[in-house]
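Results of the structural survey
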There are 2 protein chains.
Amino acid sequence: TGTRDYNPKQMAIREKVFNTIIGCFKRHGAETIDTPVFELKETLTGKYGEDSKLIYDLKDQGGELLSLRYDLTVPFARYLAMNKITNIKRYHIAKVYRRDNPAMTRGRYREFYQCDFDIAGQYDAMIPDAECLKIVHEILSELDLGDFRIKVNDRRILDGMFAVCGVPDDKFRTICSTVDKLDKLPWEEVKKEMVNEKGLSEEAADQIGEYVSMQGGMDLAERLLQDQKMSQSKQACAGLSDIKLLFSYLQLFQVTDKVVFDLSLARGLDYYTGIIYEAVLTQAGVAPVTTDAQNGAPSEESVSVGSVAGGGRYDGLVGMFDPKGRKVPCVGVSIGIERVFSIMEQKAEASAEKVRTTEVQVMVASAQKNLLEEKLKLITELWNAGIKAEVMYKKNPKLLSQLQHCEESGIPLVAILGEQELKDGVVKLRVVATREEVQLIHNTHTVSLRRFKCGCNEKSRGG
Amino acid sequence: TGTRDYNPKQMAIREKVFNTIIGCFKRHGAETIDTPVFELKETLTGKYGEDSKLIYDLKDQGGELLSLRYDLTVPFARYLAMNKITNIKRYHIAKVYRRDNPAMTRGRYREFYQCDFDIAGQYDAMIPDAECLKIVHEILSELDLGDFRIKVNDRRILDGMFAVCGVPDDKFRTICSTVDKLDKLPWEEVKKEMVNEKGLSEEAADQIGEYVSMQGGMDLAERLLQDQKMSQSKQACAGLSDIKLLFSYLQLFQVTDKVVFDLSLARGLDYYTGIIYEAVLTQAGVAPVTTDAQNGAPSEESVSVGSVAGGGRYDGLVGMFDPKGRKVPCVGVSIGIERVFSIMEQKAEASAEKVRTTEVQVMVASAQKNLLEEKLKLITELWNAGIKAEVMYKKNPKLLSQLQHCEESGIPLVAILGEQELKDGVVKLRVVATREEVQLIHNTHTVSLRRFKCGCNEKSRGG
């Protein structure tokens with residue numbers, strides 16, 4: 001079906017990644033919402049261009065025609081329009097569905113998570129946009145995936161560039177799609193497509209080629225504002241001024257070390273209206289570049305896997321769902337979480353450290369037979385005190401199998417009950433890793449539990 | 001579509017409930033897994049009896065026939081068989097789908113969450129089963145939904161009871177379904193259905209009626225083991241002995257105060273093979289009982305809303321997915337989370353306390369114009385130090401509107417920058433609720449941040 005189950009180890013990694021991302025979203029004051037997994041088919045119609053063929057429809061079993069959501073942005077826009085919300089900063093983490101050709105060995109599935117953060121509202125230019133980039137910077141740094149770069153560009157700069165290079169108005173979108181392939185194909189191939197397939201003049205293509213090779217920072221934006229040709233386009237100038245403003249905020253946010261103004265960045269989606277951005281991992285080894293055996297060119301997946309976040313400004317989408325067309329300006333970012341998961345999984349595989357799938361702090365065990373009752377009494381005290389504890393579901397398990405379970409699950413402590421300990425009113429607490437043992441008094445509950453808790457916290461941190 | 005969006009306030013409540021439930025599952029050492037939202041249609045076929053008509057199918061767009069999952073138990077059993085797992089303790093929280101007649105005003109939707117905890121494996125009798133009940137007890141106590149009762153029974157006791165009351169073997173399942181209606185209908189109605197519709201003799205029905213009126217604890221199980229008729233059934237005796245054993249463990253777990261052995265509990269699902277249980281809220285007012293206007297009888301939804309958890313033992317389900325039919329005994333519980341959400345929402349509505357939808361600790365504000373740069377510098381320091389902070393996306397917001405935002409979002413602290421403070425190298429930190437102010441030195445970063453952090457933690461707890 002092109003989908004997959006997540007096993008407990010994968011879930012443990014997933015939980016860690018989600019906690020980091022949600023922690024960042026919350027640090028920036030985001031609320032969260034949730035929308036249904038299916039939408040009315042008409043809500044999704046006409047939003048994804050050619051990719052609409054990848055939408056999963058539900059069977060018509062009577063009632064409305066429904067489709068599984070394709071992304072979280074369109075449901076978000078529908079939600080804002082439907083509830084007449086004009087200001088919100090929200091995140092949404094949920095699965096989306098695409099009837100794509102699954103490439104499961106490369107971590108591409110038909111069901112996958114998206115992690116979106118968006119700011120909707122009429123605000124002063126580039127402040128929310130800069131915060132989105134700050135968020136990408138924080139998340140990628142904290143996830144520790146290796147070095148990365150965030151490319152930024154603006155749809156208005158692209159459109160202005162096309163205009164001054166002599167691209168006819170009606171070819172902007174299709175030429176933009178061709179430019180979007182620059183992260184997968186060399187310029188020569190892209191130029192060929194522009195000239196041979198899209199019917200652009202060689203001269204226009206060459207001019208585009210010059211621009212899209214440019215990368216820089218605020219200085220590049222300043223230079224292009226002085227550029228004889230580029231400065232003729234009002235649109236391009238508006239975009240370039242905003243890039244300058246953006247970089248001034250990024251300096252205050254201390255993230256310019258990773259951000260590059262890159263004129264080759266185009267991004268596929270139709271609905272972007274202003275700034276666009278994409279984060280790529282640059283560290284060799286993490287995203288191995290393999291080549292397609294058939295033509296020697298890098299295959300699509302192998303090159304594009306480097307992308308781990310992307311987004312931009314879409315000021316027109318909410319208006320499409322409002323009966324009166326009222327616009328709500330939006331800017332947002334989507335973290336490519338599946339790619340992050342697979343990198344984290346690879347790292348976990350390579351590491352000597354075992355991934356724990358439970359958080360159990362202590363195993364309640366016994367050295368002799370017929371102590372189930374005593375063990376269940378003790379574990380009840382532990383659970384009631386909020387301690388994460390396990391006991392085997394056997395009346396008389398062997399001590400060895402109880403200790404083995406600790407080793408396998410990474411449980412740091414084992415509380416061992418025995419006849420003698422019961423007589424003495426004590427519990428033996430053993431650190432599994434070092435076999436170090438302490439005796440805790442167990443006849444006065446308050447005392448023993450307080451000491452137990454301390455032991456659990458210290459030991460589970462240490463072990 | 002019979003579905004709903006969750007707004008930020010609902011999500012905040014949902015998150016709190018999930019944290020309580022997941023905390024309990026983790027305290028008991030559970031791992032978690034995830035399965036896709038759709039399964040092969042054939043996986044779901046033949047598992048839900050008459051309810052199969054409520055399954056959502058995907059449109060045949062080429063490829064396999066797929067259906068949206070109807071519950072989490074069948075995907076779990078499929079997962080165990082497919083991966084040849086014979087031992088696991090896992091929880092799974094995810095949405096399931098039913099083409100039911102939505103009763104949205106009563107909180108019934110076609111898309112809703114299930115929270116399942118299950119223990120799979122061949123263990124000594126009743127230990128995992130008792131832990132499931134302990135978990136229900138812990139969760140319902142911690143959620144503080146009001147008083148509750150956990151009814152337990154056993155499929156083998158029901159079957160044995162039917163046998164000794166003279167129900168023909170081939171009518172066990174259908175008579176069981178009729179008994180299941182006892183939580184919605186009075187005995188007279190149920191008896192009528194048994195006799196008139198299911199063709200049972202009046203005498204047999206009356207004997208059943210006597211048994212299903214019985215409620216008690218371990219004592220009732222003991223009495224029934226001595227019961228002349230009941231003791232004739234080996235099955236019933238096995239079930240009764242297990243109920244006795246169960247209660248002995250429940251005593252050690254300190255949960256017998258809420259658990260009742262109730263012979264009228266039947267539960268609809270076919271796959272249960274042993275113990276079954278269901279938790280109901282008993283507090284008046286929380287689950288208002290309205291009557292159906294048409295016939296004066298309590299309508300189905302209004303009475304059954306009291307049920308907030310249910311489950312049981314299903315030793316045969318995994319074997320249905322194994323090519324060799326290898327069985328994996330399972331017992332589990334499902335928390336009726338949607339019902340819990342709506343109770344929590346009602347409580348939040350009724351309470352004077354405002355539900356916060358963000359966790360922002362401090363708002364970075366300014367008293368004068370042209371301080372955006374300074375504010376962005378300060379908030380960068382705060383974010384980088386892990387403090388949850390917000391700033392308005394305006395160059396020159398009014399101080400009043402910044403303070404209003406704090407009031408509305410429940411942000412406890414506001415850091416106010418002004419010309420004088422900047423000159424003096426300090427930041428003014430104000431507690432929104434009390435207007436109390438302190439000045440923090442802001443020229444040596446380390447000192448100021450440490451103090452800032454303390455302030456945030458203390459104040460956000462206090463406020």
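Predicted model only: the values in this text are computed from it and were never measured.

**Brief notes about the packing of helix α5 (residues 155-164) of chain B against helix α8 (residues 202-212) of chain B**
All names here are of chain B. At their nearest, the axes of α5 and α8 sit 9 Å apart, and the two run at 145° to each other. Every pair of crossing elements has a handedness; the one defined by α5 and α8 is right-handed. Taken together, the residues of α8 that come into contact with α5 (itself represented by Met161, Phe162 and Val164) are Gln207, Ile208, Tyr211 and Val212. Counted by class, the contact of α5 with α8 contains 6 nonpolar, 1 polar and no charged residues.

**Observations concerning the pattern of salt bridges**
Under the criterion given, the structure shown has 65 salt bridges over all chains. Arg267(A) serves as the salt-bridge partner of Glu278(A), at 2.8 Å between the closest nitrogen and oxygen. Separated by 11 residues along the polypeptide, Glu278(A) in strand β9 (residues 275-281) and Arg267(A) in the loop between β8 (259-262) and β9 bring together distant segments of the chain. Using a relative accessible area of 16% as the deciding quantity, one classes Arg267(A) as buried. Residue Arg313(B) is joined to Asp315(B) by a salt bridge in which the shortest nitrogen-to-oxygen separation is 2.9 Å. Asp315(B) sits in the partly exposed class, given a relative accessible area of 25%. Counted as one network, the salt bridges with shared partners bring together Arg14(A), Lys95(A), Glu111(A) and Asp34(B).

**Remarks on the packing of aromatic side chains**
Throughout the structure, instances matching the rule amount to 26 aromatic pairs over all chains. One aromatic cluster is present, formed by Tyr6(A), Phe18(A), Tyr113(A) and Phe341(A) through successive ring pairs. The ring of Tyr70(A) carries Arg98(A) above its face, with NZ or CZ at 4.0 Å from the centroid. Cation over ring: Arg90(B) sits above Phe76(B), and NZ or CZ is 4.0 Å from the ring centre.

**Re the environment of Leu263(B)**
All names here are of chain B. By secondary structure assignment, the location of Leu263 is in the loop between β8 (259-262) and β9 (275-281). Leu263 sits in the buried class, given a relative accessible area of 0%. For Leu263 and Gln215, which are 48 residues apart along the polypeptide, the C-alpha to C-alpha distance reads 6.5 Å. Once residues within four sequence positions are removed from consideration, Leu263 is found in contact with Asn153, Ile157, Leu158, Met161, Tyr211, Val212, Met214, Leu220, Leu224 and Met230.

**Brief notes about the relation of the copies chain B and chain A**
Rotating chain B by 180° and moving it 0.0 Å along the rotation axis overlays it on chain A with an RMSD of 0.0 Å. Both chain copies can therefore be described as sitting about a two-fold axis. With an isologous cut-off of 70% or more, the 100% of interface residues of chain B that recur at the interface of chain A puts this contact in the isologous class.

**Details of the state of the cysteines**
On inspection of all chains with the given rule, the structure shows 0 disulfides over all chains. Sulfur of Cys237(A): no disulfide; nearest cysteine sulfur belongs to Cys165(A) and is 14 Å away. The exposure class of Cys237(A) is buried, given its relative accessible area of 19%. With no disulfide of its own, Cys132(B) has Cys330(B) as its nearest cysteine by sulfur position, at a separation of 10 Å.

Parameters and conventions
Residues numbered from 1 in each chain as written. Chains lettered and ligands numbered in written order. Predicted model: local features only at pLDDT ≥ 70, side-chain atom pairs only at ≥ 80, totals over all residues. Heavy atoms only, no water. Axes fitted to C-alpha atoms, helices over the stretch in contact; angles between N-to-C directions. Helix = DSSP H or I, 4+ residues; strand = E, 2+ residues; numbered from the N terminus. Left-handed = near helix turned anticlockwise from the far one by under 90°. Contact = heavy atoms within 4.5 Å. Nonpolar A, V, L, I, M, F, W, Y, C, P; charged D, E, K, R; others polar. Salt bridge = Lys/Arg side-chain N within 4 Å of Asp/Glu carboxyl O. Buried < 20%, exposed > 50% of the residue type's maximum accessible area, 1.4 Å probe, protein only. Phe/Tyr/Trp six-rings, centres within 6.5 Å; stacked < 30°, edge-to-face > 60°. Lys NZ or Arg CZ within 6 Å of the ring centre and 35° of its normal. Least-squares fit on C-alpha atoms with pLDDT ≥ 70 in both. Disulfide = S-S within 2.5 Å.

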